[in-house]
Amino acid sequence: MTLFPYKEVVETIKKYDTIIVHRHMNPDPDALGSQGGLVELLKGSFPEKKIIKAGGPVGDLGFLTTMDEVKDEDYKEALVIVTDTANTPRISDKRYQLGLKLIKIDHHPNDDSYGDLQLVNIQASSCSEIIADLYLENQEDLILSKEAARLLYAGIVGDTGRFLYPSTTPHTLKIAAKLMESGFVPSEVNNQMNSISPKVAKLTGYILQNLIISEVGVAKVLLTQEILKQFDLTDTETASIVSIPGTIEGVLTWGIFVEQPEGHFRCRLRSKGPVINEVAKRHDGGGHPLASGANAKNTEEIDQIIKELTELAGKWVNK
Ligand SMILES: [Mn+2]
């Protein structure tokens, strides 16, 4: 017996004629893969229903999916589903509250358990993996199209770093295999996800040149607005470089600190060992044990975050 309400989610979906799917701001491939994958799955299974995607711009991930035009009145009788979003402030398009019922589907720690119904599995590699499970547990009701499978696969590839991160389980690979059977071309998605723009390639060079690595393996790089301007990049476009410091020998945990136009810093924190999400929580953020996000008011707060990461790394090294 499954612990998760897969059946209840589908039974709820069946009761509504309009379903609006949201995801988090600054979408990554898993946000769009789970959102778009769910929408395609439901469209293929319930062609008579109106099933739409809401949210802000998708940046350079338009090869995955794009948003629909969603009107306020669409919410009147709608079921709203939010994917891949741990807490309500991160939900893209605040109108998610206007529906009749709200379902949360996510794989982050459930600290903000919003919604009338929750399908949260923190063991899943990605939210896309959960959507694939939702399909597998309801095959008598749902039809998985090639496009739905492509999107879910892309989400899994995105959140596992191409099956590299420890969140990748035997189940993740079984799901990926199942999705591949639908007939989309995986190498095409992989190539699209793997390619970086010449601008980002240059920024990668900057990061490798300017990364400061401490003795206990804490690495740090600061990207000011000036640097971003110099490389003609926005914060959203810097997402693909987050994993780079982790490829360097001896780097245990790291932070990429991106100055925002308003002056504060968005902190992308990663780790290959020490659990860092408690650090993120202390600094206006949160996330996974080994991949979190936070916000720092100024460079002093960045120094404090580095100090806390250094303590964790020190304990880890000496354990
Ligand atoms: Mn995710």
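Since the structure is predicted, the reported quantities are computational estimates derived from the model, not experimental observations. (Residues numbered from 1 in each chain as written. Predicted model: local features only at pLDDT ≥ 70, side-chain atom pairs only at ≥ 80, totals over all residues. Heavy atoms only, no water.)

## Looking at the coordination of the manganese ion
Protein ligation of the manganese ion involves Asp30 (OD), Asp84 (OD), His107 (NE2) and Asp159 (OD), the donor distances falling in the range 2.1 to 2.3 Å. In primary-sequence terms, the residues that donate to the manganese ion follow D-x53-D-x22-H-x51-D. Taken together, the positions of Asp30 in helix H2 (residues 29–45) and Asp159 in helix H4 (residues 146–159) put the pair 129 residues apart, joining distant regions of the chain. What makes Asp159 buried here is its relative accessible area of 17%. (Donors = N, O, S within 2.8 Å, 3.2 Å for Na, K, Ca; no water. Helix = DSSP H or I, 4+ residues; strand = E, 2+ residues; numbered from the N terminus. Buried < 20%, exposed > 50% of the residue type's maximum accessible area, 1.4 Å probe, protein only.)

## Describing the pairing of strand S7 (residues 218–223)
Looking down a regular strand, the side chains alternate between one sheet face and the other. By the bridge criterion, 2 bridges tie strand S6 (residues 212–213) to S7 in an arrangement that is antiparallel. For Ile212, the partnering residue across the bridge sits in S7 and is Lys220. Between S6 and S7, which pair antiparallel one after the other, the connecting turn spans 4 residues, and Gly217 there sits at a positive phi close to 90°. Note that S7 and strand S8 (residues 253–259) share 6 bridges and pair parallel. When the bridges of S8 are listed, Ala219 appears paired with Trp254. (Pairing = 2+ DSSP bridges.)

## Details of the nonpolar core
Formed by 45 residues in total, the largest nonpolar core has its most connected members in Ile19, Ile81, Ile105 and Leu179. Sorting elements by how many residues they give to this core places H4 first, with 8 residues. One finds Val200, Leu211, Ala219 and Phe231 within the second-largest nonpolar core, a separate group that totals 18 residues. (Core = buried A, V, L, I, M, F, W, Y, C linked by side-chain atoms within 4.5 Å.)

## Here's the deal with the packing of helix H3 (residues 127–136) against helix H5 (residues 170–180)
It is the contact of H3 with H5, at a shortest axis distance of 10 Å, that shows an interaxial angle of 65°. Judged by the angle between their axes, H3 and H5 are roughly perpendicular. As H3 runs across H5, the sense of the crossing is left-handed. Contacts between H3 and H5 involve Glu129, Ala132, Asp133 and Leu136 from the former and His171, Thr172, Ile175, Lys178 and Leu179 from the latter. A class-by-class count of the residues in the contact of H3 with H5 yields 4 nonpolar, 2 polar and 3 charged. (Axes fitted to C-alpha atoms, helices over the stretch in contact; angles between N-to-C directions. Parallel < 35°, antiparallel > 145°, perpendicular 65-115°, else oblique. Left-handed = near helix turned anticlockwise from the far one by under 90°. Contact = heavy atoms within 4.5 Å. Nonpolar A, V, L, I, M, F, W, Y, C, P; charged D, E, K, R; others polar.)

## A closer look at the pattern of salt bridges
Applying the stated rule across the entire model yields 17 salt bridges. With a closest N to O distance of 3.9 Å, Lys199 and Glu237 form a salt bridge. Of this pair, Lys199 sits in helix H7 (residues 198–210) while Glu237 sits in the loop between helix H8 (225–230) and S8, and the two are 38 residues apart along the sequence. Under the relative-accessibility criterion, Lys199 is labelled partly exposed at 31%. Look at Glu237 and you get partly exposed, because its relative accessible area is 23%. Each of Glu11, Lys14 and Asp141 takes part in a single network of salt bridges with overlapping partners. (Salt bridge = Lys/Arg side-chain N within 4 Å of Asp/Glu carboxyl O.)

## Concerning the environment of Lys178
Within the secondary structure, Lys178 sits in helix H5. With a relative accessible area of 38%, Lys178 lands in the partly exposed category. Separated by 61 residues in the primary sequence, Lys178 and Leu117 have C-alpha atoms spaced 27 Å apart.

## Digging into the pairing of S8
In terms of burial, S8 is largely enclosed, as 7 of its 7 residues are buried. Both S8 and strand S9 (residues 265–271) contribute to a ladder of 7 bridges, which runs antiparallel. Bridge assignment links Val258 to a residue of S9, and that residue is Arg266. Hairpin remark: S8 followed by S9, antiparallel, with 5 residues in the connecting loop; positive phi at Gly263, about 110°.

## Some points on the domain arrangement of the protein chain
When its domains are assigned, the protein chain resolves into domain 1 (6–194) and domain 2 (198–317). Here domain 1 and domain 2 have C-alpha centroids that lie 27 Å from each other. Between domain 1 and domain 2, the contact holds 7 residues from the first and 8 residues from the second. Across the domain 1 to domain 2 interface the summed buried area is about 590 Å²; carbon plus sulfur atoms make up 56%. Counting across the interface, domain 1 meets domain 2 through 1 salt bridge. In this structure, Asp111 and Lys281 form a salt bridge, with 3.5 Å as the shortest nitrogen-oxygen distance. Between domain 1 and domain 2 we count 2 residue pairs in polar contact (both at pLDDT 80 or more) in total. Taken together, the residues that form the side of domain 1 that touches domain 2 break down as 3 nonpolar, 3 polar and 1 charged. (Domains from an automatic or database assignment. Buried area = accessible area lost by both parts, 1.4 Å probe. Polar contact = N/O pair within 3.5 Å; in protein donor to acceptor, adjacent residues only side chain to side chain.)

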